[in-house]
Protein chains: 2
Amino acid sequence: MEPVENAATVRYADAAGLPDALRGADILFVWDFLSTAVPDAWPSADRLRWLHIASAGVDPVMFPELRDSDVVLTNSRGVFDNPIAEYVLGLVIAFAKDFAGSLDLQRAGTWRHRETERVGGKRALIVGTGPIGRSIARMLTAAGLKVAGVGRRAREGDPDFGAVHASDDLAEHIGWADYVVAVAPLTEKTKGLFDRRVFAAMKPTARFINVGRGELVVTDDLIDALRADEVAGAALDVFETEPLPAESPLWTMDNVLLSPHMSGDVVGWKDTLAELFVANFEKWLAGERLDNVVDKKLGYVPMGAEPR
Amino acid sequence: MEPVENAATVRYADAAGLPDALRGADILFVWDFLSTAVPDAWPSADRLRWLHIASAGVDPVMFPELRDSDVVLTNSRGVFDNPIAEYVLGLVIAFAKDFAGSLDLQRAGTWRHRETERVGGKRALIVGTGPIGRSIARMLTAAGLKVAGVGRRAREGDPDFGAVHASDDLAEHIGWADYVVAVAPLTEKTKGLFDRRVFAAMKPTARFINVGRGELVVTDDLIDALRADEVAGAALDVFETEPLPAESPLWTMDNVLLSPHMSGDVVGWKDTLAELFVANFEKWLAGERLDNVVDKKLGYVPMGAEPR
């Protein structure tokens, strides 16, 4: 943060201190992106012009007062793309080769040979066509999977996905896939997109992977679908409530792999996030166009906007 | 096996029945490739001309009497290449993203965020430059790793590996790698190749993956190296003794992932192996050159021989 500290007065604040620190500030850099401190402190934002968030998803700050204001919102697009793509490919192979079963057997001291599945030739539907979804598509394609995408609008000939289906038609297309990857931005349109009807349309041998946001999924419907063998497995890195409450049945369900919202967090990620803010701050100082400006109506940075 | 049964007298035998069944037979198809029944029954091989084995490695039948005989030996080269390559890539990602740690934490009901490692940009040294090693090299390259190979002779500009180092110089080159993959054929030259000296030369953050044969490794040296933090982790699918004995410390060591000799065994593998034998049998009947003829001096099918 040194380049910022050299050029501006910088106040560091936690949730309790935010209302005071925000008063008179031009710029707010939201580091703890899951905090609700920003909407709570909003009345103190008396001269805020720019809010930058240390995440790809901007849903935690999409409260009406910010959305309807003139405050420019930027995100940390790009930082998480390749790390998350590697993570998703690893989960696909972990399902195909039953790594969890092997570890459970190892912990039990049991030698038990099983047959595994091929990864090559399998089909992955990636719901979310932003930079992270594209990176996932390229990585899975490189490993021999066939991919398709789901976005706001249907189209053909996408360079990363080939076919992109409209999210309104998700239930019609989801049965094609052996792996379904949720990585869409959380908006009013995508909240609860994965519900009972969508899960029921999945191939019963298919697995569901969520590295986007917990609220994309109606969690109780996912649990029901897993119990009814409508979905063969799920790997979840994000949850409606984080940390995942101790009483959630997901902790102990067969064929469910949990991780604590870490799929994109590679060693050095905090430095990378800070550097990205600093680079944008220098554009701000120079009066240049900021990178990664979120379209607050859409709830994400539109494709075609300069990617970082 | 129907096409074979239609054209020849076929006898099916277990280890006990093999001496009787082998008497008078022209062809022996060894299905249980880890069995020692063949050397034991060898005195009954009174007119054997061709032995085919349902595995890539032929070490279990490389006893002196067969090696020095005129019996043609063929293997099941090709069947396991891509399945094992996928498996190895999965293990690499599982280490980088600590999937085992996540599963242990899940089983304990604990939410604990950690930072993970990138896979892209990491270096993998693949010891074994046959078809399986090549498939691993291509798969890891596709996922963004840098690769090099280790084979009998050093060379540059290999299409899959780039640089190939001589196995005699393994200890000089192994320190370059973040991941070391053992997939060499087991021969007199490669037996015990991975010993104390080689492990001590590894990068202390590197992981060792064995999908070849347990006897490539001096297991006690690997255990010592893991305990001395000279090697950061190991994923082992093959062992000097299989099943791995209950008293082996490997079962419970940190950062050791075990699986029961299954990395290449995808659903349908048995059919694929049978089909490969049948196809070769039809060449035999037609008097054509057999596929996958092992050079019994080398102990494997030389590159440049027709791959299947």
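Because the structure is a prediction, the values reported are computed rather than measured.

In this structure, what is going on with the pattern of salt bridges? I would like to understand it.
A pair can form between side chains of opposite charge whenever their charged atoms are brought close. Taken as a whole, this structure holds 34 salt bridges over all chains when the rule is applied. Asp291(B) serves as the salt-bridge partner of Lys283(B), at 3.3 Å between the closest nitrogen and oxygen. For Lys283(B), a relative accessible area of 24% gives the class partly exposed. Among the ionic contacts, a cluster of salt bridges with common partners joins Arg134(A), Arg138(A), Asp158(A) and Asp160(A).

Even after reading the chapter, I still don't get the nonpolar core, so can you show me in this structure?
Across soluble globular proteins, you tend to see nonpolar side chains buried next to one another. Core analysis: the largest hydrophobic core is formed by 96 residues, its most contacted members being Ile136(A), Ile209(A), Ile136(B) and Ile209(B). Residues within four places of Ile209(A) in sequence aside, it is in contact with Val88(A), Leu91(A), Val92(A), Phe95(A), Tyr179(A), Val180(A), Val181(A), Ala182(A) and Ala235(A).

Please clarify how the pairing of strand β10 (residues 233–236) of chain A should be interpreted in this entry.
Remark: a regular strand shows side chains that alternate across the two faces of the sheet. Residues and elements named next belong to chain A. With burial as the criterion, each face of β10 is covered, one bearing Gly233 and Ala235 and the other bearing Ala234 and Leu236. Examined bridge by bridge, strand β9 (residues 207–210) and β10 share four bridges and lie parallel to one another. Of the residues in β10, the one forming a bridge with arginine 207 is glycine 233. In this region the chain leaves β9, passes through helix α10 (residues 219–227) and returns to the parallel neighbour β10; the handedness of that crossover is right-handed. Across three bridges, the pairing between β10 and strand β11 (residues 256–258) is parallel. Within the sheet, the bridge partner assigned to leucine 236 lies in β11 and is leucine 258.

In this structure, what is going on with the relation of the copies chain A and chain B? I would like to understand it.
Look at the two chain copies: a rotation about an axis and a shift along it is all it takes to match them. Rotating chain A by 180° about the axis while translating it 0.0 Å along that axis superimposes it on chain B, leaving an RMSD of 0.0 Å. Such a combination of rotation and displacement between the chain copies is what one expects of a two-fold axis. In this assembly the copies share their binding face: 100% of the residues contributing to the interface of chain A also contribute to that of chain B.

What's the story with the domain arrangement of chain A in this structure? I'm lost.
Accessible area lost upon the coming together of the parts is a frequently used measure of interface size. Residue and element names in this part refer to chain A. Domain assignment breaks chain A into domain 1 (2–78 + 267–286) and domain 2 (81–258). Taking only C-alpha atoms, the centre of domain 1 and the centre of domain 2 are 31 Å apart. Counting from both sides, the interface comprises nine residues of domain 1 and, opposite them, six residues of domain 2. Where domain 1 abuts domain 2, roughly 560 Å² becomes buried across the two surfaces, and 50% of that area is made up of carbon and sulfur atoms. Viewed at the interface, domain 2 and domain 1 are joined by one salt bridge. The residue aspartate 59 makes a salt bridge to arginine 213 at a minimum N-O spacing of 2.8 Å. Here domain 1 and domain 2 share three residue pairs in polar contact (both at pLDDT 80 or more) between them.

Hey, could you run me through unusual backbone geometry in this one?
Keep in mind that most residues, glycine aside, have a negative phi and that most peptide bonds are trans. In this structure, Pro243(A) follows Glu242(A) across a cis peptide bond, with omega equal to -10°. Along the chain, the position of Pro243(A) falls in the loop between β10 and β11. The phi torsion at His261(B) lies on the positive side, around 45°, for a residue other than glycine. For Asn292(B), which is not glycine, the phi dihedral falls at a positive 60°. Relative to the assigned elements, Asn292(B) resides in the segment after α11 (269–285).

What is the right way to read the sheet that holds strand β9 (residues 207–210) of chain B from this model?
Pairing between the strands of a sheet comes from backbone hydrogen bonds, and it takes one of two forms, parallel or antiparallel. All names here are of chain B. The mixed open sheet is built from eight strands, whose spatial order is β6-β7-β5-β4-β8-β9-β10-β11. Looking at which strands have only one partner, the edges of the open sheet turn out to be β6 (155–158) and β11 (256–258). When strand polarity is set aside, the average angle formed by the axes of neighbouring strands in this sheet is 20°. Packing of helix α10 (residues 219–227) onto the sheet brings it into contact with β9, β10 (233–236) and β11, and relative to β10 it is tilted by some 145°.

The rules behind the values
- Residues numbered from 1 in each chain as written.
- Chains lettered and ligands numbered in written order.
- Predicted model: local features only at pLDDT ≥ 70, side-chain atom pairs only at ≥ 80, totals over all residues.
- Heavy atoms only, no water.
- Salt bridge = Lys/Arg side-chain N within 4 Å of Asp/Glu carboxyl O.
- Buried < 20%, exposed > 50% of the residue type's maximum accessible area, 1.4 Å probe, protein only.
- Core = buried A, V, L, I, M, F, W, Y, C linked by side-chain atoms within 4.5 Å.
- Contact = heavy atoms within 4.5 Å.
- Helix = DSSP H or I, 4+ residues; strand = E, 2+ residues; numbered from the N terminus.
- Pairing = 2+ DSSP bridges.
- Right-handed = clockwise from strand over helix to strand, strands pointing away.
- Least-squares fit on C-alpha atoms with pLDDT ≥ 70 in both.
- Domains from an automatic or database assignment.
- Buried area = accessible area lost by both parts, 1.4 Å probe.
- Polar contact = N/O pair within 3.5 Å; in protein donor to acceptor, adjacent residues only side chain to side chain.
- Axes fitted to C-alpha atoms, helices over the stretch in contact; angles between N-to-C directions.

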